[in-house]
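Spelled out from the first residue to the last, the chains are:
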Amino acid sequence: MQKNQFSQCERVLVNLRMATLDPAVDAPYGQLDNHILGLCRGRIAVLVPRQEADLSSFDGEIVDGQGGLLTPGLIDSHTHLVYGGHRAREFEQRLLGKSYEEIARAGGGILATVNATRGLSQEQLVVEARPRLEALLDEGVTTVEIKSGYGLTMADELKILRAARALVAEYPVRISTTLLAAHCVPPEFRTEPDRYVEMICQELLPQVAEEKLADAVDVFCEKIAFTLPQSERIFAAARQAGLGIKVHAEQLSLSGGAALAAGFGAWSADHLECLDEAGVLALQAAGTVATLLPGAFYFLRETRKPPVELLRRHGVPMALASDLNPGTSPLASLRLMLNMGCTLFGLTPEEALAAVTRNAARALGQGDALGSLSVGKQADLLLWDIDHPAQLAGEFGSLRPRLRIVRGEVAHAPCG
Ligand code: NIG
Ligand code: FE
């Protein structure tokens, strides 16, 4: 037994079971029983078996887990939750027979939300975003990625990113922001999309990097959005600015966007329903995470599923995210995605849980800091009154974490 092993810790968690999601722990879900966790300055500093722990001289806070199950905080690594308006009318139109692409080509879709978003101030956008963020936090999300992409002018894209950054001051959450100016060609550049790409690369992206408003850059690489050469120019500019790279690719067709982004060392390639084996191999070679978005698949009533078996066979890490947005996934629940990842895409509950913790952290370039209960990682933790970790994927609607710790501090209900 080591004396004073907790001397630096402010807080110690006892009497709990853990699903660490740490691959170094040789058990399903990285489960550990009879262990004690010590938190120091927002990090996990000590993780030892109960019988090796000496708490006799510890004078910090002892949190009694009462036999609950501790997991890493959940990470929603792909959302568009800062926007104005809604698109329920399009939902109706699609049920009456129109396709997502038809509606987009007729000026609806993303551009409808762009109009609504341009009409709101930064403060109004924050007001609109709060309930969506609160819904995610309430069910155990501790890190959220938020993309721009409904502004499509310099001023409006900056406004969205600032609104996203402002939310972090209000809630116990980490927010990662992504510049998605290449979401749709704006009406002002309809006949000259290359000039819009140039504006992104020459003006917007350097400004965003200078103000540190985004952690990454994303491109919607698709027939109705941006071509491969246009995407390539934006990735090159992102790399030059030292920002992470993400891509919306192979959602509606096979464009090669995922392989292109992987060639730039992308953190993640997202959607991927139409990905082929060459694309899977490109992700594997680059260590790029495949982020699956079952909410959009479900909401658009798609039938083509991402190639989960190929991704699994080639060892590509899979993440699951909500894609929370007004057009294709107005579903503010990462827990629902855990369930749908299993029921619609065939992930196992263990893969699904890794997909919203360890692999989601990698999809945000945070694989070393977040996503598992391991010494040295940030202390974002959830305590659940459940018997088995598979309940987190298998049950929906009733479970809430009993305790949430973010940055080592207890976050009080409902959202802080
Ligand atoms: O991730 N695929 C592109 N972007 C969003 C949809 C945005 C919208 O329809 O408003 C998505 O599905
Ligand atoms: Fe998206």
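This report concerns the structure included in the present document. (Residues numbered from 1 in each chain as written. Chains lettered and ligands numbered in written order. Predicted model: local features only at pLDDT ≥ 70, side-chain atom pairs only at ≥ 80, totals over all residues. Heavy atoms only, no water.)

### Brief notes about the packing of aromatic side chains
Alright, step 1. Applying the stated criterion to the full structure yields seven aromatic pairs.
Alright, step 2. Measuring from ring centre to ring centre gives 5.3 Å for Phe189 and Tyr196, while their planes differ by 45°; the resulting arrangement is tilted. Pair check on accessibility: Phe189 and Tyr196 agree, each one buried.
Alright, step 3. Measuring from ring centre to ring centre gives 5.0 Å for Phe297 and Phe345, while their planes differ by 70°; the resulting arrangement is edge-to-face. With Phe297 in helix H10 (residues 294–299) and Phe345 in the loop between helix H12 (334–343) and helix H13 (349–355), this pair connects stretches of sequence that are 48 residues apart.
Alright, step 4. Owing to a relative accessible area of 5%, Phe297 belongs among the buried residues under this scheme.
Alright, step 5. Phe345 gets classed as buried once you look at its relative accessible area, which sits at 8%.
Alright, step 6. Among the aromatic residues, ring-to-ring pairing joins Phe189, Tyr196 and Phe226 into one connected group.
Alright, step 7. For the cation-ring pair, Arg132 lies above Tyr83, with the distance from its terminal atom to the ring centre recorded as 3.6 Å. (Phe/Tyr/Trp six-rings, centres within 6.5 Å; stacked < 30°, edge-to-face > 60°. Buried < 20%, exposed > 50% of the residue type's maximum accessible area, 1.4 Å probe, protein only. Helix = DSSP H or I, 4+ residues; strand = E, 2+ residues; numbered from the N terminus. Lys NZ or Arg CZ within 6 Å of the ring centre and 35° of its normal.)

### A closer look at the coordination of the iron ion (ligand 2)
Alright, step 1. Coordination sphere of the iron ion (ligand 2), protein contribution only: His78 (NE2), His80 (NE2), His248 (NE2) and Asp323 (OD), at 2.1 to 2.2 Å.
Alright, step 2. Every donor residue of the iron ion (ligand 2) comes from the same chain, spaced as H-x1-H-x167-H-x74-D. Of the two residues, His78 sits in the loop between strand S8 (74–76) and helix H1 (88–95) while Asp323 sits in the loop between strand S15 (318–320) and H12, which places them 245 residues apart along the sequence. Of the two residues, His78 and Asp323, both sit in the buried class. (Donors = N, O, S within 2.8 Å, 3.2 Å for Na, K, Ca; no water.)

### Some points on the sheet that holds strand S16 (residues 381–384)
Alright, step 1. Read from one edge to the other, the open sheet built from six strands follows the order S3-S2-S7-S16-S17-S18, with strand pairing classed as mixed. Edge positions in the open sheet fall to strand S3 (31–32) and strand S18 (409–411), since each of these has one partner strand only.
Alright, step 2. Pairing between strand S2 (residues 17–19) and S3: two bridges, direction antiparallel. Directly across from Met18, in S3, lies its bridge partner Leu32. (Pairing = 2+ DSSP bridges.)

### Observations regarding the site of ligand 1
Alright, step 1. The environment of ligand 1 is formed by 15 residues, the closest being Arg87, Tyr100, Tyr150, His183 and Thr328.
Alright, step 2. Note that an oxygen atom of ligand 1 is positioned 3.4 Å from one of the side-chain N or O atoms of His80.
Alright, step 3. The side chain of Tyr100 places a nitrogen or oxygen atom 2.5 Å from an oxygen atom of ligand 1.
Alright, step 4. About the coverage of ligand 1: the protein hides 100% of its 330 Å² of free accessible area.
Alright, step 5. One can see that ligand 1 is located within the largest cavity.
Alright, step 6. Its residues placed into classes, the shell around ligand 1 shows four nonpolar, nine polar and two charged. (Near = heavy atom within 4 Å. Polar contact = N/O pair within 3.5 Å; in protein donor to acceptor, adjacent residues only side chain to side chain. Areas by Shrake-Rupley, 256 points an atom, 1.4 Å probe, with all protein chains shown as cover. 1 Å grid on protein atoms, 1.4 Å probe; cavity = no way out; pocket = protein on both sides within 12 Å on 5 of 7 lines; lining within 4 Å. Sits in = over half its atoms within 2 Å of the grid points. Nonpolar A, V, L, I, M, F, W, Y, C, P; charged D, E, K, R; others polar.)

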